[in-house]
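Coordinates in review
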Amino acid sequence: MSAAPTSPYGSWPSPIDAGLAASRDGRPEYLGTVGPEVWWTEPRPREAGRRTLVRRRPAGIGSEVSELPAPWNVRSRVTEYGGLPWAGAERADGGPLLVFVHFPDQRLYAYEPDAPGAPEPRPLTPVSRTGGGLRWADPVVRGGEVWCVLEEFTGPAPTDVRRVLAAVPLDGSAAGDRTAVRELTDGGHRFTTGPRLSPDGRRAAWLVWDHPLMPWDGTGLQLAEVTADGRLAGARTVLGGPGESVAQVDWTAGGTLLAVSDRGGWWNPYRVDPDTGSAVNLCPREEEFGGALWKPGLRWLAPLPDGLVAVLHGQGSSVLGILDPESGDLVDAAGPWTAWQPTLAVHGSRVYGVAASPRSAYEVVELDTASGHARVVGAQGPDPVDPAYYPEPQSRTFHGPDNRQVHAHVYPPHHPACRAAADELPPYVVWAHGGPTEHVPPVLDLHIAYFTSRGIGVVEVNYGGSTGYGRAYRERLREQWGVVDVEDCAAVARALAVEGTADAARLAIRGGSAGGWTAAASLAATDLYACAAVIYPVLDLIGFAEETHDLESHYVDSLAGPPQTLPVLCRERSPVARADRITAPFVLLQGLDDPVCPPAQAERLLAAMRGRPVPHAYLAFEGEGHGFRRADTMVRALEAELSLYAQVFGIERTDVPRLALETSP
């Protein structure tokens, strides 16, 4: 058999086009059980980006999988990032009762799909104006009420807001009457998760925190008695504080209080005495059993009825394990999955989660703890293309300044029928993740495969500040945003070039949100990169602090420095202030309805670039917020990014529209 003909890196044909990548964007989320049924939310990019609620009945009863039809869109806007948007309970006749948040109006609705006549969802909460008013998240059904987080805007500014725990009647009496909603807490804390009720119903536990802390800096575990008339009494903090992040709280079937805390430097599972607050580490390891609580309702552990506890744990990537809290023994589930989302559910001896691997996108997985067998039960589809086109990630540790470790996943160019000349090195794109207090695992992502199958390498960098490697690693970014992240990404890129993996003359950087900041800041701080894709970014420290949503309005205090230092730091680090140092071409992609990184940030950078001979393009998308959700947007964004690389790297491609790169007059 003759060898495959050679063709330059970046010019290879690929069956993974932008439309295919966009159609597979997103993942199942917010998984839960209602009796023996499993429910979760799932994206529909081709339906204007709505999220549906998917139902999986036990096998053998017919119509095993169904979904909430359009136009229903199950997504909360609490703190703009949302949170757990639904809850379920079994009705007296055994059928499911669901409550969910509908994205367009942010009202809570009740839905009884098996009721006679299959009635439409009915509203439980009052109408609120779009983009404000009342929002709801992290619900739990308790008797004739839904207990949940209520976010209420009190003025026009993003920070004019209060959050409390509230009880919404299931009979619909609050649908037109705000006063029918009972407030369970007094709003004494800026942020709160929803309540977790003890099995006997006599106690409730939840998490709170306040500005200027973010939830990975410090949270408090609140505990209260539930009175006979359904109120919370004697609320007190039993764990946590300014230097301790409690990421989750839950109860065992026997009434034991469990929490995930990083008091030992790593998020580990603890048994908490609700009376004294003393905490015992159930599995002391230098691994993370928790993560960044960006949204209320995330779940890294789930108690089973027999006293065992399902946990997600690991360094960088996570696996599903079953923990014996008495002995500390931990047995991991067998299977190919290298990353699990923080959403676990339990029914009997079965554990359900959402997991992915380098060869499979996120899917719903069931683990039978009685047999140890794990299998995919939802969100799995046939491979859209031959898996031979999928990249093979290499998880590696590099070294940055001061010989500090930098974790990254390298995705070399990969094609089953194409290769480049032996003396050619491939172009590489450094991907800086958002957050920045977040991380990326090595899993199948068709957006990455879109580039690698064409001969462009990708390296995802978990720079200092990322989660997954302990508190010390994520605090490396404290007051060093725009320095450590930029240095760590550059260190990885340089290392790939020095070792002969990447072409030093054809390096690019891209990122969205906080990753967009890192990408743009990298252009201003170094001449390492030939171009950049900057996506719904932070570009101006002062502007971000003043214009962003409430959750992150004090985030720069820890990322950059206290407010009194921001003017100096903004001049030293913000891409807007350092635009005169940007000489490499870039494309700037922005959603016009973004409340987290408003378009004003992008517009200020464009104004600062005016009159400078730097080719760039600006694509703004109506109807998109923070994170693109519509298939047509993602197609345009991916094709624009590829066109940028092709033009800058000298690659011939005729399968995507040519991006018009212009210099500002």
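Residues numbered from 1 in each chain as written. Predicted model: local features only at pLDDT ≥ 70, side-chain atom pairs only at ≥ 80, totals over all residues. Heavy atoms only, no water.

A few points about the sheet that holds strand β22 (residues 301–303)
Spatially, β22-β23-β24-β25 is the arrangement adopted by the 4 strands of the open sheet, whose pairing is antiparallel. In the strand order of this sheet, the two ends are held by β22 and β25 (330–332), each with one partner. Along the sheet, successive strands turn relative to each other by an average axial angle of 25°, direction set aside. Where strand β24 (residues 319–323) meets β25, 3 bridges bridge the pair, whose relative direction is antiparallel. Across the sheet, Ile322 pairs through a bridge with Val331, a residue of β25. (Pairing = 2+ DSSP bridges. Helix = DSSP H or I, 4+ residues; strand = E, 2+ residues; numbered from the N terminus. Axes fitted to C-alpha atoms, helices over the stretch in contact; angles between N-to-C directions.)

Focus: the packing of aromatic side chains
Evaluated as defined, the whole model comprises 18 aromatic pairs. Arranged with centres 5.4 Å apart and planes meeting at 45°, the rings of Tyr9 and Trp12 form a pair that is tilted. Between Phe100 and Tyr109, the ring centres sit 5.9 Å apart and the planes meet at 20°, which makes this aromatic pair stacked. Pair check on accessibility: Phe100 and Tyr109 agree, each one buried. Here the aromatic cluster, defined as three or more aromatic residues joined through ring pairs, consists of Trp431, Tyr450, Phe451, Tyr645 and Phe649. For the cation-ring pair, Arg454 lies above Tyr450, with the distance from its terminal atom to the ring centre recorded as 4.1 Å. (Phe/Tyr/Trp six-rings, centres within 6.5 Å; stacked < 30°, edge-to-face > 60°. Buried < 20%, exposed > 50% of the residue type's maximum accessible area, 1.4 Å probe, protein only. Lys NZ or Arg CZ within 6 Å of the ring centre and 35° of its normal.)

A look at the environment of Thr583
Assignment of secondary structure puts Thr583 in the loop between α8 (566–573) and β37 (586–591). Since its relative accessible area comes to 57%, Thr583 is described here as exposed. Linking Thr583 and Thr437, residues 146 residues apart in sequence, is a C-alpha distance of 29 Å. Excluding residues that lie within four positions of it along the chain, Thr583 makes contacts with Arg612 and Val614. (Contact = heavy atoms within 4.5 Å.)

Focus: the sheet that holds strand β21 (residues 279–281)
Two pairing modes exist for strands in a sheet, parallel and antiparallel, and in both the strands are linked by backbone hydrogen bonds. Overall, antiparallel pairing links the 4 strands, which are arranged β18-β19-β20-β21 in an open sheet. Looking at which strands have only one partner, the edges of the open sheet turn out to be β18 (246–251) and β21. Put simply, the sheet's adjacent strands are angled 30° from each other on average, direction ignored. Pairing geometry for strand β19 (residues 257–261) and strand β20 (residues 268–272), over 5 bridges, is antiparallel. By the bridge assignment, Ser261 is partnered in β20 with Asn268.

Focus: unusual backbone geometry
The residue after Ala70, namely Pro71, is reached through a cis peptide bond having omega 10°. Among the secondary structure elements, Pro71 is positioned in the loop between β4 (65–67) and β5 (86–90). For the bond running from Gly435 to Pro436, omega is 0°, close enough to zero to count as cis. Phi at Ala48 takes a positive value of approximately 60°, unusual for a residue other than glycine. Locating Ala48 in the fold gives a position in the loop between β2 (37–44) and β3 (50–56). Despite not being glycine, Thr79 has its phi angle at roughly 55°, a positive value. The residue Thr79 is located in the loop between β4 and β5 in this model.

Re the side chain of Asp217
You can see Asp217 is positioned in the loop between β15 (203–209) and β16 (220–226). For Asp217, a relative accessible area of 7% corresponds to the buried category. A polar contact of 3.1 Å, which involves the side chain of Asp217, links it to the side chain of Arg478. Excluding anything up to four places from it in sequence, Asp217 contacts Pro242, Gly243, Glu244, Ser245, Arg471, Arg478 and Ser558. (Polar contact = N/O pair within 3.5 Å; in protein donor to acceptor, adjacent residues only side chain to side chain.)

Quick look at helix α5 (residues 514–525)
The terminal C-alpha atoms of α5, which comprises 12 residues, lie 16 Å apart, in line with the 16 Å expected from a rise of 1.5 Å per residue. Taken across its 12 residues, α5 has 11 buried, putting it largely inside the fold. Taken together, the buried positions of α5 are occupied by Ala514, Gly515, Gly516, Trp517, Thr518, Ala519, Ala520, Ala521, Ser522, Leu523 and Ala524. (Expected span 1.5 Å × (residues − 1).)

A look at the pairing of strand β1 (residues 29–34)
The buried fraction of β1 amounts to 5 of the 6 residues, a majority that puts the element mostly inside the structure. Bridge count for β1 against β2 is 4 bridges, and the pairing is antiparallel. When the sheet's bridge partners are listed, Glu29 is paired in β2 with Thr41.

Considering the pairing of strand β30 (residues 373–378)
Here strand β29 (residues 360–368) runs beside β30; their pairing, made up of 5 bridges, is antiparallel. If you follow Asp368 over to β30, its bridge partner there is His373. Taking the residues between adjacent antiparallel strands as the criterion, β29 and β30 are bridged by 4 residues, where Gly372 takes a positive phi near 80°.

Things to note about the packing of helix α4 (residues 484–498) against α5
As a packed pair, α4 and α5 sit with axes 9 Å apart at the nearest point and diverge in direction by 75°. In this view, α4 runs roughly perpendicular relative to α5, as classed from their interaxial angle. Taking contact as the criterion, the partners of Asp485, Val486 and Cys489 in α4 are, on α5, Trp517, Thr518, Ala521, Ser522 and Ala525. (Parallel < 35°, antiparallel > 145°, perpendicular 65-115°, else oblique.)

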